[in-house]
Amino acid sequence: MPLSRTRIGTVFMGGALVLTLSALAYPAMLGVQNIATGTSRIVSNTQFGPLTEADRDFVVKVRSAGLWEYPLGEMSMKRGTTKEMKEAGKHLVVGHALLDANCRRIATQLYITLPNQATPQQQQFVATAASKSGKEFDSTAVNIMRVTHGQIFPTIAKIRATTKNTLVRQLADQANDVVLDHISVLEKTGLVNFDQVISQQTAAPQLPKEQLTPPVPQRGAPVVALTPRPDLPDFYNAASPSPAPATG
């Protein structure tokens, strides 16, 4: 039976959690579908190689992911009830600050407009987790994030295998390391319901397009930066790429 829109974003314990995760996780799946079925049409030829629609979509998706996972990571650091949950929050914050810096650099060089807000459904991820407390917060946040990370993981691999743009290739390398790390630390919390998560990773309920698209930033608005946290360990130093030399 199709999920009614009025129930989207409401998390209950038990079987209803499956339906809600399916609805909430779909924005990440949108990126998978765009890249899997979208055209490889070149939108610009750059000194770093051709930039395709899929390449551009990928950069925007990485940016949009950070706009909701970074604040949820900070929330996990403050409200997590276990050291494993707090540690996962640290990795989310550090990882997405790193990816965001690279996204903003790449966007400037490739003339890609980046959103300043996550999609409405991604914003709902944060609101749903924020409405919980204690161990219910931990479980809700972990399972939502484990679904979305599991969905974007094969997308990263596809972009890495197909892009001809060196900057996008660097971002895919970096995203691969960060997302795999996030999957690992989320699983270390012991809260991942693998049966539900795996089911949701392959489910793609149809949701309105406007719920799946980041709002267009206002003309002239500065790009919001996800602030690095010097008080936290640099988990990804080895994964940080150096700027690509200009070619051509």
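K.L.:
Looking at this structure, I do not really get the overall build of the protein chain. What am I missing?
P.N.:
A count of helical and extended segments in the protein chain gives seven helices and two strands. Along its sequence from the N terminus, the protein chain presents helices and strands in the succession α-β-β-α-α-α-α-α-α. Considering only intrachain contacts with a sequence separation of at least 6, the fraction spanning at least 24 residues in the protein chain is 81%. Of the roughly 11600 Å² of accessible surface on the protein chain, 56% is carried by carbon and sulfur atoms.

K.L.:
Any chance you could explain the nonpolar core here in plain terms?
P.N.:
A general trend in soluble globular proteins is that nonpolar side chains are found buried together. The biggest cluster of nonpolar side chains holds 55 residues, and the ones touching the most others in it are F58, V59, W68, L72, L110, I112 and L171. Take this core: its biggest share by element is twelve residues, from helix 2 (residues 53-79). The contacts of L110, once residues within four sequence positions are left out, are T46, F48, L51, N165, L167 and V168.

K.L.:
How should I be thinking about the packing of aromatic side chains in this particular structure?
P.N.:
Each aromatic ring pair is specified by the distance between its two centres and by the angle formed by the two planes. For the coordinates displayed, the defined rule picks out two aromatic pairs. Ring geometry for F235 against Y236: centres 6.0 Å apart, planes inclined by 75°, an arrangement best described as edge-to-face. Looking at F235, the relative accessible area reads 26%, which means it is partly exposed. On the accessibility criterion, Y236 (4% relative accessible area) is buried.

K.L.:
Even after reading the chapter, I still don't get the packing of helix 5 (residues 134-162) against helix 6 (residues 166-187), so can you show me in this structure?
P.N.:
The angle between the axes and the distance between the axes are what describe a pair of packed helices. Here helix 5 crosses helix 6 at 150°, and the two axes come no closer than 9 Å. Considering the angle they form, helix 5 stands roughly antiparallel to helix 6. Of the two elements, helix 5 crosses helix 6, and the hand of that crossing is left-handed. Contacts between helix 5 and helix 6 involve V142, M145, R146, H149, G150, I152, F153, I156, I159 and R160 from the first element and V168, R169, A172, D173, A175, N176, V179, L180, H182, I183, L186 and E187 from the second.

K.L.:
Any chance you could explain the pattern of salt bridges here in plain terms?
P.N.:
Pairs may arise between side chains of opposite charge once their charged atoms sit close together. All told, the structure shown has eight salt bridges when counted by the stated rule. With its nearest N and O atoms 3.5 Å apart, the salt bridge here joins R229 to E74. Of this pair, R229 sits in the segment after helix 7 (194-201) while E74 sits in helix 2, and the two are 155 residues apart along the sequence. R229 sits in the partly exposed class, given a relative accessible area of 26%. Overall, the relative accessible area of 26% leaves E74 in the partly exposed class. Here R160 ties to D173 by a salt bridge, and the two come within 2.5 Å at their closest N and O atoms. In this pair, R160 sits in helix 5 while D173 sits in helix 6, placing the two residues 13 residues apart along the sequence. Its relative accessible area of 35% is what places R160 among the partly exposed residues. One salt-bridge network, in which partners are shared between bridges, spans R63, D100 and R104.

Rules used throughout
Residues numbered from 1 in each chain as written. Predicted model: local features only at pLDDT ≥ 70, side-chain atom pairs only at ≥ 80, totals over all residues. Heavy atoms only, no water. Helix = DSSP H or I, 4+ residues; strand = E, 2+ residues; numbered from the N terminus. Contact = heavy atoms within 4.5 Å. Areas by Shrake-Rupley, 256 points an atom, 1.4 Å probe, with all protein chains shown as cover. Core = buried A, V, L, I, M, F, W, Y, C linked by side-chain atoms within 4.5 Å. Buried < 20%, exposed > 50% of the residue type's maximum accessible area, 1.4 Å probe, protein only. Phe/Tyr/Trp six-rings, centres within 6.5 Å; stacked < 30°, edge-to-face > 60°. Axes fitted to C-alpha atoms, helices over the stretch in contact; angles between N-to-C directions. Parallel < 35°, antiparallel > 145°, perpendicular 65-115°, else oblique. Left-handed = near helix turned anticlockwise from the far one by under 90°. Salt bridge = Lys/Arg side-chain N within 4 Å of Asp/Glu carboxyl O.

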